[in-house]
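# What the coordinates show
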There are 4 protein chains.
Amino acid sequence: TGEELVRILAVHKDVEITVLQALIEKEHPISEIFPRLSDKIDIVCRKPDETEALKKADLLFLALPHKVSMTVAPRFLGGGKSVIDLSADYRLPVDEYTKWYGAEHKDGGNIKNAVYGLPELFRDKIRQAKLIANPGCYPTSALLAIIPLVKLGLVDLDTVIVDSKSGATGAGRKAHISLSFSEVDENMRAYKVNEHQHKPEINLIVSKFAGKKTDVVFVPHLAPINRGILSTVYMDFSPEKKKKKINTAEIVGFYKDFYKGEPFIRVMNEGTLPTLRDVQYTNLCAIGVNVTGDKVIVVSCIDNLLKGAAGQAVQNMNIMYGFDEREGLV
Amino acid sequence: TGEELVRILAVHKDVEITVLQALIEKEHPISEIFPRLSDKIDIVCRKPDETEALKKADLLFLALPHKVSMTVAPRFLGGGKSVIDLSADYRLPVDEYTKWYGAEHKDGGNIKNAVYGLPELFRDKIRQAKLIANPGCYPTSALLAIIPLVKLGLVDLDTVIVDSKSGATGAGRKAHISLSFSEVDENMRAYKVNEHQHKPEINLIVSKFAGKKTDVVFVPHLAPINRGILSTVYMDFSPEKKKKKINTAEIVGFYKDFYKGEPFIRVMNEGTLPTLRDVQYTNLCAIGVNVTGDKVIVVSCIDNLLKGAAGQAVQNMNIMYGFDEREGLV
Amino acid sequence: TGEELVRILAVHKDVEITVLQALIEKEHPISEIFPRLSDKIDIVCRKPDETEALKKADLLFLALPHKVSMTVAPRFLGGGKSVIDLSADYRLPVDEYTKWYGAEHKDGGNIKNAVYGLPELFRDKIRQAKLIANPGCYPTSALLAIIPLVKLGLVDLDTVIVDSKSGATGAGRKAHISLSFSEVDENMRAYKVNEHQHKPEINLIVSKFAGKKTDVVFVPHLAPINRGILSTVYMDFSPEKKKKKINTAEIVGFYKDFYKGEPFIRVMNEGTLPTLRDVQYTNLCAIGVNVTGDKVIVVSCIDNLLKGAAGQAVQNMNIMYGFDEREGLV
Amino acid sequence: TGEELVRILAVHKDVEITVLQALIEKEHPISEIFPRLSDKIDIVCRKPDETEALKKADLLFLALPHKVSMTVAPRFLGGGKSVIDLSADYRLPVDEYTKWYGAEHKDGGNIKNAVYGLPELFRDKIRQAKLIANPGCYPTSALLAIIPLVKLGLVDLDTVIVDSKSGATGAGRKAHISLSFSEVDENMRAYKVNEHQHKPEINLIVSKFAGKKTDVVFVPHLAPINRGILSTVYMDFSPEKKKKKINTAEIVGFYKDFYKGEPFIRVMNEGTLPTLRDVQYTNLCAIGVNVTGDKVIVVSCIDNLLKGAAGQAVQNMNIMYGFDEREGLV
């Protein structure tokens, strides 16, 4: 995520990277670590130093582990800076956070000031925000598929199931045996079945639009792929709608209306479903719909490092600062 | 599938391959096509010749395309031979077959004589059978996950969803752009959403055990994997059971009882879910269970070329002829 | 290659795509075929029509099969247009072309007017060219590794071996059994050992710089990768140089000097070798060097669809028209 | 390697696994770790205990890290047991070992008693051996390709280059960032160029057959594959042979003669080269040959975990004990 952020910001017309810090052994020009960045950016990647950051930056992107962001963000916010936090630290209420992340929250006061950075749902609030809780990758793919029908009241909320298939970069760049090539390649696994920490994040937002508490089922799978999340969402129509026999074309129409003018949403025509190839290396979310009987099945695809992380963070910045929302993104 | 069959039968203690036929340009010793078979089997692969096959074989494995098997099988059956058919031609009633495979059935009379070759469910009938309809790969993975709970009456049949992820060999060895490496690699797609021809096969067997017509939802996905199917099955408990609060341990217990003594089923302990790695290159089906609230989620894994095709065919033969059911299989 | 070209040109500041033609069944807006292009380009992809092309375009990119380009290019050239041909039709002398591509050449007269479009070696000629023979992907990776040492006279030309590993998109988007996922995945093969049609292309350019005929050995391998070529080049120092004991640092220095200021070449520091990850989705060629005893081993990496095809074609256009050489490329 | 060994030995007709030890946190039945072994073997995997091992076993397979085997083997050998060591500890002379493995050798006395376990070259010595140094995976693939021509005196020894492409399991089951899926997948890299610790092992054996010191060049590459090594070996004919114009058919004939009757070698016919698919999940080495001008190019393929490790270890055991050399292996 950090690498992608730097890559995007290095060629963004309206911003300049003034500070680059990471937990590294030795300070290096960033282009020595990522040869493709040489020629584009010249900055040295330094060890963490909040004072330097406060002095030189107006906006800070925090691509820190969960539990670390909340120890760093307050000082920047207190210094009048804007913060886009890519961790989960500002996405949930304190009690849910503690339950799912197993840690006390150290900056609970700022949670209420944080705006959930899913532009297609919260663009107006993002425009005013000083603190963005950038969404998780799974929730981004799930919510963009679920919310249109929930908002229209078409869905029986007790029946929503999200079956997600994710590439391995979703877990970050880690040395862990379960993420080693010989474990992941030619293999597939379900994990954290209905107990993944992105489940409460999905339900929090669905609940907001539904107007009542929900219990969407969420099962993530690890696939032998580098980049991308494909979520297959299963929903029953609500009882009153079941009688009306809505067909695929109508539902496609609802989605096209809902996302009209959105620069990064592609709703597929009837009969076509998206694949990861349609979105990899872009900030797009591609959505396809299929209705059979009383059920509607929605397939949504994103690149987990872009629309699911760094790309969406830049999209949020573009909105906050009134830049062209597409700037730096494809 | 054909290659796997030859590989298994070449070292099977109780059988001899007396005839090997395929639609080929030129007749070859099989070991020239598959170098790993040299040293194990010496037979020449010839062009199709029913007369030779009738003369030399007691049992015929038909690994033919759908619509072709039904033109070949009757003559072998009429000649008193046994047939294990790996196509779909004898799996469905005539009307369903016509609807889903788009062709009139030319040997409808033999459908009622065919036994569905899923040994864990129909072993007694297989023992007596002269014609085996060897199950499809997706139905094998789905049914072994679904049937135990259906038989116990625990499941609300209107809620069953099968989300399957399959490797690319499931489609056979074909030159098709959608199966080319550059399309499949690093990609994932849902296809034939709820309209795959394996859907009626799944529902036919579920209906038998449920005692009423069912409409299980089935969505297959193509994953960048060579071998294996992982099916994630979502089911609600039936209304009366919901009140009883059944937990994962109990459901694991049900499955362990149901499959007690089965040589090729592995029910995972509570807290563990199977991965494709657990079953690839074996005839195993590995099953894991997770209960959350009113829903039970079952994950089942098979190697689509073995338990999903050639391995299961040999298992059926072993049962028909009273051989050790494990012979030739791992 | 065609898709990549459109993707790059659609956002190129200095050009407009005025005509888009392909051998297609039905005419479509290009964004229906590639959803990621919607929002960026609106043009309809039409069936081939030379008259329309002549009328609307100043420069034509031909991404046609070998043997087809030479039937199309003359009319455009005759009409005063510039042509960048991505096929092999203008890369070799007539006799070599006939020998390696098995066809008579129908536009032999234009071969001498064609400039070999490898900017790092022939930038000045490219600036004046009306017809560019855009290099093959393997030759690009091999020549950028070989030529610096040949030009310096350091190499025993009888010892040069190029062992290349290529991803599957190098073969184009084809339905061929040998390019199917189940053949390529988890597999590797050498093919056309020392008889690949890119061998004479490599030798033609090496000969030019060596001043004598050469017989560089070239063995391509197909790897289970989508994009990228890694070439490992083995060369003995020339006899007189062997005595001088040149070390890795000196050779790295030679390459850095040779490619000084080149926007798309990255010479790695001593001790580091490039990987495909360093260049995928970019127009870069990354080069690493290792000297052991009398041998120098050079590893070079490119993205076969960009520096090996569409990216290099755009780089050539930028040079021909005096645009910023980096425009549209990363 | 350990898992493969257990899998093979569990079904081997002539042996029984009496002791199974590993560096584990908690003692488990092996079938809990590898579900596919349940039903085949019942033994508990215990923590290391040499006394138990000495008491219960006649032959010990040591699948230990380098530098550990040499601290364990002497006690077993001293107790009259046979040892097949899969580490590098007994493959090199003391001085070479120290140089390449960076450690003093603690059991130098036993090195001269160790037999290099490459059956196709040293079968007679293996028959008498008490201590087998089981070959490395790269050397196995390289030596089986090189030695026939060296023994025939056909090769200019100064020109031998081994360019190997290996799958990721070659590095063992490790949590290391460079072996993580997101680093290896869709990537390729050369590493330890001409300084890999398998280089002296290759040269030691080539030297034995050449009768003089050699300096074969060896460059390994990591490919996004689980199992398999493909080595492409480049050799010039020796000066006197160059004049004789030997062709591919003759060289194929030499290899077929050399490996006549070998159960695990497959020499491909002229015009065919092996792929990894031909050998994966088998103990085979498949070899293909191509002659162009003065150069001979040999491609050899093995499964690194079988012929490159566990399979070859069992083959050695079969020879030592007079079992059928094929027993347990495919």
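First things first, this report covers the structure right here in the doc.

### Points about the overall build of chain A
Of the regular secondary structure elements, chain A holds 13 helices and 13 strands. Computed over its C-alpha atoms, the radius of gyration of chain A comes to 20 Å, within 12% of the 20 Å expected for a compact globule of 330 residues. By its C-alpha atoms, chain A is 65 × 45 × 40 Å across when sized along the principal axes. Across the 330 residues that make up chain A, the buried fraction comes to 62%. Carbon and sulfur atoms make up 49% of the accessible area of chain A, which amounts to about 12700 Å² in all. With 43 positive and 42 negative side-chain charges, chain A shows a separation of 3 Å between the mean positions of the two kinds.

### As for the relation of the copies chain B and chain A
If you rotate chain B by 180° and push it 0.0 Å along the axis, it lands on chain A with an RMSD of 0.0 Å. One copy is carried onto the other by what is essentially a two-fold rotation axis. Every residue of chain B has its C-alpha some distance from the rotation axis, and the shortest such distance is that of Pro 224 of chain B, at 3.4 Å. When the interface residues of chain B are mapped onto chain A, 100% of them are again interface residues, pointing to one common binding face.

### A word on the interface of chain B and chain A
In this complex, chain B contributes 36 residues to the contact, which on the side of chain A involves 37 residues. Buried surface at the junction of chain B and chain A, both sides included, amounts to about 3000 Å², of which 59% is carbon and sulfur. At the surface where chain B touches chain A, the tally comes to 2 salt bridges. If you look at where chain B meets chain A, you find 28 residue pairs in polar contact (both at pLDDT 80 or more).

### What to know about the packing of helix H7 (residues 119–128) of chain A against helix H13 (residues 310–321) of chain A
Residues and elements named next belong to chain A. Where H7 meets H13, the closest approach of the two axes is 9 Å, and the angle between their N-to-C directions is 40°. Between H7 and H13, the crossing angle belongs to the class labelled oblique. In this structure, H7 crosses over H13, and the sense of that crossing is right-handed. Side by side, H7 and H13 meet where Pro 119, Glu 120, Arg 123, Ile 126 and Arg 127 of the first sit next to Gln 312, Gln 315, Asn 316, Ile 319 and Met 320 of the second. Grouping the constituent residues of the contact of H7 with H13 by class yields 4 nonpolar, 3 polar and 3 charged.

### Details of empty space enclosed by the protein
Rolled over the atoms, a probe sized like a water molecule indicates the empty space that remains. The final tally for this structure, using the stated rule, is 7 cavities of 30 Å³ or more. A volume near 80 Å³ is recorded for the largest cavity. Class assignment of the residues belonging to the lining of the largest cavity gives a composition of 6 nonpolar, no polar and 8 charged.

### Focus on the pattern of salt bridges
Residue and element names in this part refer to chain B. Tallied over the full model, the rule gives 72 salt bridges over all chains. Of the charged contacts in the structure, one is a salt bridge between Asp 215 and Lys 199, with a shortest N-O distance of 2.9 Å. Taken together, the positions of Asp 215 in the loop between helix H10 (198–210) and strand E9 (217–222) and Lys 199 in helix H10 put the pair 16 residues apart, joining distant regions of the chain. Residue Lys 199 is classed as buried on the basis of its relative accessible area of 7%.

### Notes on the state of the cysteines
Among covalent bonds in proteins, the disulfide is the one between the sulfur atoms of two cysteines. Residues and elements named next belong to chain B. Throughout the structure, instances matching the rule amount to 0 disulfides over all chains. Note on Cys 137: no disulfide assigned, nearest cysteine sulfur contributed by Cys 285 at a separation of 13 Å. For Cys 137, a relative accessible area of 9% translates into the label buried.

### A word on the interface of chain C and chain D
Chain C puts 37 residues into the contact, and the matching count from chain D is 36 residues. Summed over both sides, the interface between chain C and chain D buries roughly 3000 Å², with carbon and sulfur atoms accounting for 59% of that surface. For the chain C face of the interface with chain D, the top three residues by lost area are Glu 186, Met 188 and Arg 277 of chain C, together amounting to 20%. The partner of Lys 165 of chain C in a salt bridge is Asp 163 of chain D, and the shortest N-O contact between them spans 3.1 Å. Where chain C packs against chain D, one counts 28 residue pairs in polar contact (both at pLDDT 80 or more). Those elements giving two or more residues to the side of chain C that touches chain D turn out to be strand E7 (161–166), helix H9 (181–184), strand E8 (189–190), strand E9 (217–222), strand E10 (229–236), strand E12 (285–292) and strand E13 (295–302) of chain C. Looking at which element gives the most residues to the side of chain C that touches chain D, the answer is E7 of chain C, with 4 residues. Of the residues in the side of chain C that touches chain D, the class split is 17 nonpolar, 10 polar and 10 charged.

### Here's the deal with the sheet that holds strand E6 (residues 131–133) of chain A
Spatially, the 4 strands line up as an open sheet ordered E3-E4-E6-E5 (chain A), and their pairing is parallel. Only two strands of the sheet have a single partner each, and these edge strands are strand E3 (59–62) and strand E5 (115–116) of chain A.

### Details of the pairing of strand E7 (residues 161–166) of chain A
All names here are of chain A. In terms of burial, E7 is largely enclosed, as 6 of its 6 residues are buried. Neither face of E7 is left uncovered, since the one carrying Ile 161, Asp 163 and Lys 165 and the one carrying Val 162, Ser 164 and Ser 166 both have all their residues buried. Pairing between E7 and strand E9 (residues 217–222): 6 bridges, direction parallel. Bridge assignment links Asp 163 to a residue of E9, and that residue is Val 219.

### Observations regarding helix H8 (residues 137–151) of chain A
Residue and element names in this part refer to chain A. Taking 1.5 Å per residue, 15 residues should reach 21 Å; H8 reaches 21 Å between its end C-alpha atoms and fits that length. The sharpest bend along H8 measures roughly 35° and falls at Leu 143. Of all the 15 residues making up H8, 14 are buried; the element is thus mostly covered by neighbouring parts of the structure. Looking one or two residues beyond H8, the residue adopting positive phi is Gly 153, at roughly 70°.

### Thoughts on the pairing of strand E4 (residues 82–85) of chain B
All names here are of chain B. Here E4 shows a buried face lined by Ser 82 and Ile 84 and a second buried face lined by Val 83 and Asp 85. With 4 bridges connecting them, strand E3 (residues 59–62) and E4 associate as parallel partners. Residue pairing for E4: Leu 60 is matched across the bridge by Val 83. In this region the chain leaves E3, passes through helix H4 (residues 69–78) and returns to the parallel neighbour E4; the handedness of that crossover is right-handed. Here E4 pairs with strand E6 (residues 131–133) via 3 bridges, running parallel. When the bridges of E6 are listed, Val 83 appears paired with Leu 131.

What counts, and where the lines are drawn
- Residues numbered from 1 in each chain as written.
- Chains lettered and ligands numbered in written order.
- Predicted model: local features only at pLDDT ≥ 70, side-chain atom pairs only at ≥ 80, totals over all residues.
- Heavy atoms only, no water.
- Helix = DSSP H or I, 4+ residues; strand = E, 2+ residues; numbered from the N terminus.
- Rg over C-alpha atoms; globule rule 2.2 N^0.38 Å.
- Buried < 20%, exposed > 50% of the residue type's maximum accessible area, 1.4 Å probe, protein only.
- Areas by Shrake-Rupley, 256 points an atom, 1.4 Å probe, with all protein chains shown as cover.
- Lys, Arg positive; Asp, Glu negative; His and termini not counted.
- Charge placed at Lys NZ, Arg CZ, Asp CG, Glu CD.
- Least-squares fit on C-alpha atoms with pLDDT ≥ 70 in both.
- Contact = heavy atoms within 4.5 Å.
- Buried area = accessible area lost by both parts, 1.4 Å probe.
- Salt bridge = Lys/Arg side-chain N within 4 Å of Asp/Glu carboxyl O.
- Polar contact = N/O pair within 3.5 Å; in protein donor to acceptor, adjacent residues only side chain to side chain.
- Axes fitted to C-alpha atoms, helices over the stretch in contact; angles between N-to-C directions.
- Parallel < 35°, antiparallel > 145°, perpendicular 65-115°, else oblique.
- Left-handed = near helix turned anticlockwise from the far one by under 90°.
- Nonpolar A, V, L, I, M, F, W, Y, C, P; charged D, E, K, R; others polar.
- 1 Å grid on protein atoms, 1.4 Å probe; cavity = no way out; pocket = protein on both sides within 12 Å on 5 of 7 lines; lining within 4 Å.
- Points joined across faces, edges and corners; volume = space filled by probe spheres on them.
- Disulfide = S-S within 2.5 Å.
- Pairing = 2+ DSSP bridges.
- Expected span 1.5 Å × (residues − 1).
- Bend = angle between axes of the 7 residues up to and from the residue.
- Right-handed = clockwise from strand over helix to strand, strands pointing away.

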